Amino acid sequence: MDVFEAIQQRFSVRRYKDQPVEAEKLERVLEAARLAPSASNRQEWRFVVVTDAEVRQKLMAAAGGQGFVGQAPVVIAACAQTDEHVMPCGLMCYPIDVAIALEHIALQAVEEGLGTCWVGAFDAKAVKEILGIPEEIRVVQLMPLGYPDDQPGAKHRLALEQIVSYEKWGQ
Ligand SMILES: Cc1cc2nc3c(=O)[nH]c(=O)nc-3n(C[C@H](O)[C@H](O)[C@H](O)COP(=O)(O)O)c2cc1C
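Residue indices begin from 1 for each chain and proceed along its sequence in written order. Thresholds applied to this predicted model are a pLDDT of at least 70 for local features of residues and 80 or more for the giving and counting of side-chain atom pairs; totals over whole chains, interfaces and linings are not thresholded and use all residues. Heavy atoms from the whole structure form the basis of all side-chain values; hydrogens and water molecules are not counted.

1. Here's the deal with a nonpolar patch on the surface
Here is step 1 of the chain: Residues form patches when they are more than 30% accessible in relative terms and have no salt bridge. Like charges link within 9 Å. Nonpolar side chains (Val, Leu, Ile, Met, Phe, Trp, Tyr) link within 5 Å. Methods summary: accessible areas were calculated by the Shrake-Rupley approach with a probe of 1.4 Å, and residue burial reflects only the protein chains presented. Definition used for salt bridges: Asp or Glu carboxyl oxygen within 4 Å of a side-chain nitrogen of Lys or Arg. Taken together, the side chains of L158, L160, I163, V164 and Y166 present a nonpolar region at the surface, about 550 Å² in accessible area.
Here is step 2 of the chain: Think of it this way: any DSSP run of H or I at least four residues long counts as a helix, any run of E at least two long counts as a strand, and we number them from the N terminus. Here I163 lies in helix α7 (residues 160–163).
Here is step 3 of the chain: Each residue is placed in one exposure class: buried if its accessible area under a 1.4 Å probe, protein chains only, is under 20% of its type's maximum, exposed if it is over 50%, and partly exposed if it falls in between. I163 sits in the exposed class, given a relative accessible area of 56%.

This is the structure in structure tokens:
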């Protein structure tokens, strides 16, 4: 599979099979995150990998009852150990860097026959309590990972002409 195929095939998986993820697949997926780029190579990302069913149920509750968070055999809590560095462009690095690493995870997962879903709808304080994450650490996203029991829907996306201009804004 080439990268573009993985990009085309990735979708938000919201139903998972009751089937564990092999350790070597999980390791490759995490290695894909480790190799991601980051601003000044700061690598502020930290990942808590949860497989315990009881803990996953608690995470599901912290994610507003989104059932697939408890159903997936693995949930990755993507965190940042960060000094909240702001780049000259005015944006903080850490949400961008963690997001890049997470999309590496999502794409490598496709290659492994696995599915993921970005989850930003969660109570960060509750997730910290459940996982023993220190106060100063940011929880950026949750990402369930497992074998899909779900089908992709149509991709509703803006047309290229609506999002790209050449040489100057809007042309
Ligand atoms: C930052 C972010 C947060 C998201 N949070 C949630 C979420 O909490 N629950 C959910 O079901 N989907 C969530 N999604 C998935 C989006 O709804 C989904 O990516 C979008 O509708 C496009 O569909 P696709 O991923 O299947 O291509 C999130 C996606 C992103 C990028």
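2. A few points about the pairing of strand β2 (residues 74–80)
Here is step 1 of the chain: Within β2, seven of the seven residues are buried, which leaves the element mostly enclosed by the surrounding structure.
Here is step 2 of the chain: The two faces of β2 match: V74, I76, A78 and A80 on one face and V75, A77 and C79 on the other face are all buried.
Here is step 3 of the chain: Any two strands with at least two DSSP bridges between them are considered paired. The pairing of strand β1 (residues 45–50) with β2 spans six bridges and is antiparallel. Bridge pairing in β2 links F47 to A78.
Here is step 4 of the chain: Relative to strand β4 (residues 138–146), β2 runs antiparallel, the two being bridged by seven bridges.

3. Remarks on the side chain of S38
Here is step 1 of the chain: Looking at the element boundaries, S38 is found in the loop between α2 (23–34) and β1.
Here is step 2 of the chain: Take S38: its relative accessible area is 14%, and that puts it in the buried class.
Here is step 3 of the chain: A polar contact is formed between the side chain of S38 and the backbone nitrogen of R42, at a distance of 3.1 Å.
Here is step 4 of the chain: A contact between two residues is defined here by any heavy atoms of the two lying within 4.5 Å. Not counting residues within four places of it along the chain, the set of residues in contact with S38 comprises Q43, W45 and D97. Nitrogen and oxygen atoms within 3.5 Å of one another constitute a polar contact, given that in protein one can donate a hydrogen and the other can accept it, and given that sequence-neighbouring residues count only through two side-chain atoms.

4. Some points on the sheet that holds β2
Here is step 1 of the chain: Across the sheet, four strands lie side by side as β1-β2-β4-β3; this open sheet has antiparallel pairing. Each of the sheet's edge strands pairs with one partner strand only, and the pair in question is β1 and β3 (115–116).
Here is step 2 of the chain: Whenever a helix is involved, its axis is fitted only over the stretch in contact; in every case the axis is a line through C-alpha atoms, and angles between N-to-C directions fall within 0 to 180 degrees. Of the strands in this sheet, β1, β2, β3 and β4 touch helix α5 (residues 93–111), which is tilted by about 5 degrees from β4.

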